[in-house]
Protein chains: 2
Amino acid sequence: MTSARITINDVAKAAGVSKGLVSLALNERRGVAPETRDRILGAARDLGWSPNPGARGLTTRRAYALGLILRRDPRTIEVDPFFPAFIAGVETVLSARGQVLVLSVAADHDAEAAAYERLSTDKRVDGFLLTDLLADDMRIRLVESLGMHAVSLGSPTADSVFPVISRDYDEGIDALMEHLISLGHREIAHVSGDEQMLHGRRRRERYEHAMREAGLVPNVIATDFSPEQGAGATKALLDGPRRPTAIVYGNDPMAVAGMGVAHERGLRLPRDLSITGLDGSQIGTYIYPSLTTLDNDPTEWGIAAATALLRLVEDGETSNVTLPPAGLVVRASTAAPSTGQH
Amino acid sequence: MTSARITINDVAKAAGVSKGLVSLALNERRGVAPETRDRILGAARDLGWSPNPGARGLTTRRAYALGLILRRDPRTIEVDPFFPAFIAGVETVLSARGQVLVLSVAADHDAEAAAYERLSTDKRVDGFLLTDLLADDMRIRLVESLGMHAVSLGSPTADSVFPVISRDYDEGIDALMEHLISLGHREIAHVSGDEQMLHGRRRRERYEHAMREAGLVPNVIATDFSPEQGAGATKALLDGPRRPTAIVYGNDPMAVAGMGVAHERGLRLPRDLSITGLDGSQIGTYIYPSLTTLDNDPTEWGIAAATALLRLVEDGETSNVTLPPAGLVVRASTAAPSTGQH
DNA sequence: TTGAAAGCGGTACCAT
DNA sequence: ATGGTACCGCTTTCAA
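Note that the structure is a prediction, hence the values are computed from the model and not measured. Each chain carries its own residue numbering, running from 1 in the written order of its sequence. Here the convention is simple: chains get letters from A, ligands get numbers from 1, in the order in which they are written. Reporting of local features is limited, given that this is a predicted model, to residues whose pLDDT is at least 70; pairs of side-chain atoms are given and counted only at 80 or more, and all residues count toward the totals for whole chains, interfaces and linings. The basis for the side-chain values is all heavy atoms of the structure; hydrogens and waters are excluded.

1. Considerations on the protein's contact with DNA strand D
Proximity criterion: a residue is near a molecule or strand once any of its heavy atoms comes within 4 Å of it. Surrounding DNA strand D, one finds 27 residues, the nearest of these being A:T36, B:I8, B:K19, B:S23 and B:R29. Within 4 Å of the protein, the contacting atoms of DNA strand D are 73% sugar and phosphate, with bases supplying the remainder. In protein, a polar contact requires one atom able to donate a hydrogen and another able to accept it; more generally it is a pair of N or O atoms within 3.5 Å, and residues adjacent in sequence count only if both atoms are side-chain atoms. The contact in question runs from a phosphate oxygen of DNA strand D to an N or O atom on the side chain of B:R5, over 3.3 Å. Here a phosphate oxygen of DNA strand D sits 3.0 Å away from a polar atom, N or O, in the main chain of B:N52. Of all elements in the fold, only helix 4 (53–60) of chain A together with helix 2 (19–26) and helix 4 (53–60) of chain B reach the threshold of two or more residues within the surface near DNA strand D. Numbering goes from the N terminus for both helices and strands, where a helix is a DSSP run of H or I of at least four residues and a strand is a run of E of at least two. At five residues, helix 4 of chain B tops the list of elements feeding residues into the surface near DNA strand D. Under the scheme applied here, ten amino acids are nonpolar (Ala, Val, Leu, Ile, Met, Phe, Trp, Tyr, Cys and Pro), four are charged (Asp, Glu, Lys and Arg), and all others, including Gly, are polar. Each residue belonging to the surface near DNA strand D can be placed in one class, and the counts come to nine nonpolar, 13 polar and five charged.

2. Some points on the protein's contact with DNA strand C
Neighbouring DNA strand C are 28 residues, the closest being A:I8, A:K19, A:S23, A:R29 and A:R56. Taking the atoms of DNA strand C that fall within 4 Å of the protein, sugar and phosphate contribute 71% of them. Measuring from a sugar or linking oxygen of DNA strand C, one finds a backbone N or O atom of A:N52 at 3.3 Å. Separating a phosphate oxygen of DNA strand C from a backbone N or O atom of B:A33 is a distance of 3.0 Å. When its residues are assigned to classes, the surface near DNA strand C shows ten nonpolar, 13 polar and five charged.

3. So, the pairing of strand 6 (residues 188–192) of chain A
Note on strand geometry: in a regular strand, side chains alternate between the two faces of the sheet. Residue and element names in this part refer to chain A. Burial classes: relative accessible area under 20% of the type maximum marks a residue as buried, over 50% as exposed, and values in between as partly exposed (1.4 Å probe, protein chains only). When you tally the buried positions in strand 6, you get five out of five residues, the bulk of the element. A pair of strands counts as paired when DSSP detects no fewer than two bridges linking them. Relative to strand 8 (residues 246–249), strand 6 runs parallel, the two being bridged by four bridges. Considered in strand 8, the bridge of V191 is made with Y249. In terms of strand pairing, strand 6 meets strand 7 (residues 220–222) through three bridges, oriented parallel. The residue bridging H190 from the neighbouring strand is V220, located in strand 7. With the strands pointing away from the viewer, any crossover whose connection runs clockwise from the first strand over the helix to the second is right-handed. Handedness of the β-α-β unit built from strand 6, helix 9 (residues 198–213) and strand 7 comes out right-handed.

4. Thoughts on the interface of chain A and chain B
The contact rule is simple, with two residues in contact once any of their heavy atoms fall within 4.5 Å. Taken together, the contact between chain A and chain B spans 56 residues of the former and 56 residues of the latter. By buried area we mean how much accessible surface two parts lose on assembly, using a 1.4 Å probe and totalling the loss over both. Taking both partners together, chain A and chain B bury about 4,900 Å²; carbon and sulfur atoms supply 57% of that area. In the sections that follow, a salt bridge refers to a side-chain nitrogen of Lys or Arg positioned within 4 Å of a carboxyl oxygen of Asp or Glu. Between chain A and chain B we count zero salt bridges in total. Elements supplying a minimum of two residues to the side of chain A that touches chain B: helix 4, helix 5 (82–96), strand 2 (100–106), helix 6 (109–121), helix 10 (227–239) and helix 11 (252–264) of chain A. Each residue belonging to the side of chain A that touches chain B can be placed in one class, and the counts come to 31 nonpolar, 14 polar and eleven charged.

5. Some remarks on the relation of the copies chain A and chain B
Copy-to-copy superposition: least squares on the C-alpha atoms, limited to residues that have pLDDT of at least 70 in both copies. For the pair chain A and chain B, the superposition axis carries a translation of 0.0 Å, the fit reaches an RMSD of 0.1 Å, and the rotation angle comes to 180 degrees. One copy is carried onto the other by what is essentially a two-fold rotation axis. Same-surface contact between copies: 100% of interface residues of chain A are shared with the interface of chain B.

Treat this as a map of the structure, not an account of what it does.
Spelled out as structure tokens, the structure:
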């Protein structure tokens with residue numbers, strides 16, 4: 001089956017008009033007689049025609065595509081519950097508008113910067129979705145200097161001209177800490193994520209705030225968010241001078257790894273050690289004990305981010321979005337500490 | 001900083017030649033004097049110019065992009081250790097060639113088919129990477145009828161004109177079964193993945209083959225590969241008439257979920273129940289007990305698939321690729337069965 | 001070996 | 001309201 005390449009000229013011919021008019025009709029511009037409009041659109045539908053984005057972009061200077069660039073160490077790339085659902089959310093917005101997502105993965109900062117530049121100079125995308133924001137993130141200035149649009153997930157520390165999508169975690173972290181404290185925990189440790197990352201740092205700060213509010217002393221080990229370092233941090237804590245009765249992990253994969261360490265040492269969970277994550281992954285439901293965490297909703301992030309970015313690209317409107325705050329999800333991995341030896 | 005839009009004309013001017021010649025030089029066509037060639041390429045480099053893929057594709061009929069469409073239930077989209085690393089592999093190949101990956105996520109079969117059609121008719125991609133192959137997969141014929149190129153991960157049951165990337169799992173499954181049997185297990189159950197999916201079915205068949213070879217009777221529960229159904233299947237098996245001493249899960253996330261169920265019932269792993277996965281994820285290293293599984297290497301899949309697809313698109317060469325067979329990775333989740341009551 | 005010009009599939013402007 | 005035409009950035013003939 002040779003799918004006939006059908007173009008705007010075919011539609012024009014079929015509708016008995018000039019191709020300029022077809023363009024006007026398609027783009028819902030005024031100045032086209034209603035009945036002509038219908039005839040044109042009908043012909044387009046009959047022929048199964050939709051405009052070629054490449055040709056279109058040649059004059060409109062648009063790519064009709066959004067870019068997402070992930071920086072990930074290839075060795076630890078695997079576990080991240082956030083992205084698949086996030087991308088699904090982005091897609092629902094894009095596909096409804098005939099747009100497309102260009103995904104790139106970069107191993108390090110240099111490759112990352114190169115990827116932004118390439119997608120930009122090659123006019124592959126109209127804007128970028130900035131995730132995993134770092135403190136003083138170079139990408140803000142980079143993307144700005146490239147003359148590209150963007151939205152960021154979370155508020156950059158430096159000045160940013162881009163719309164911000166955000167969700168409050170402070171409230172959820174407060175609730176989580178209160179939950180642990182009211183169970184009787186005093187030695188509550190935090191295995192924080194990459195402190196370069198804004199949300200990692202922010203969570204750590206709120207944990208510390210909550211601890212001090214309760215008259216307790218914070219106990220933090222920083223990691224890179226990988227299960228590997230999560231496991232290592234757990235061992236360090238259990239062997240350390242201030243052995244915790246509860247550990248709050250910066251993300252769920254680390255919490256799962258931490259449980260592995262605890263089980264390995266013969267601890268009975270949650271009696272001997274309470275464990276929590278911070279971003280509500282599905283797998284947390286099926287591990288044992290099921291994981292107390294905060295809810296998230298990556299799909300919602302994706303929808304909001306893509307919508308805001310498209311508004312910026314198409315209408316030049318910069319509108320921030322605040323998602324509903326993350327709430328506490330109590331499952332089975334937290335309980336009152338045992339009063340036994342330690 | 002207004003990044004000057006620099007085009008082929010600027011390069012032509014700088015090199016003192018016509019834009020036609022610039023094109024010839026850039027595309028390494030013969031008939032360009034060596035010294036002119038160098039001058040042109042030098043000018044291009046100085047100006048930081050690379051050709052606009054959209055404009056280019058207008059005449060070459062290429063998108064300089066590859067497409068990957070994932071069909072995933074939004075509710076269970078989260079856990080799949082395969083894709084991030086697979087995509088990273090694809091990316092290493094694409095970025096080196098100035099190409100790009102277009103990623104799409106579809107909720108169901110209809111949306112999936114629509115996505116293939118859209119990326120195809122809009123000339124968004126030059127070919128598709130077909131993953132998660134189903135038995136008698138409609139996509140083979142669909143993509144063919146769209147006149148698009150593709151490669152498939154695994155061999156389609158129906159005739160396919162597309163290159164096939166494959167890796168032998170039979171050998172690894174045999175080794176895994178032998179491992180369990182030699183430990184003394186007789187009641188070895190299999191929680192299989194989606195039987196619609198080719199690799200899920202194939203794995204189940206090999207498990208059954210190995211059981212019969214050993215004079216044992218297969219015991220299979222089919223699932224959709226989700227942790228949720230993995231947990232459910234585990235409960236059914238533990239409550240069933242033929243309570244297994246070992247369970248082979250179709251993928252690692254289900255194995256993790258299965259462990260959760262076992263722990264919940266107070267079983268001591270691996271003494272009371274041996275558990276294995278089948279696709280070597282990183283998280284398997286950090287759970288307790290660490291997971292016996294087969295190794296995989298999604299990045300390798302990605303590199304091979306993208307390379308083969310690009311060869312097909314650019315040179316018309318259809319070359320199958322066979323990756324090294326998956327090997328057994330023995331960790332701590334398998335041991336001799338306890339001889340106690342049951 | 002090189003230049004000039006047509007054409008790819010659209011959009012946008014200027015007449016009418 | 002509609003048609004004609006130039007033009008977007010690049011590739012590809014065809015002459016020279």
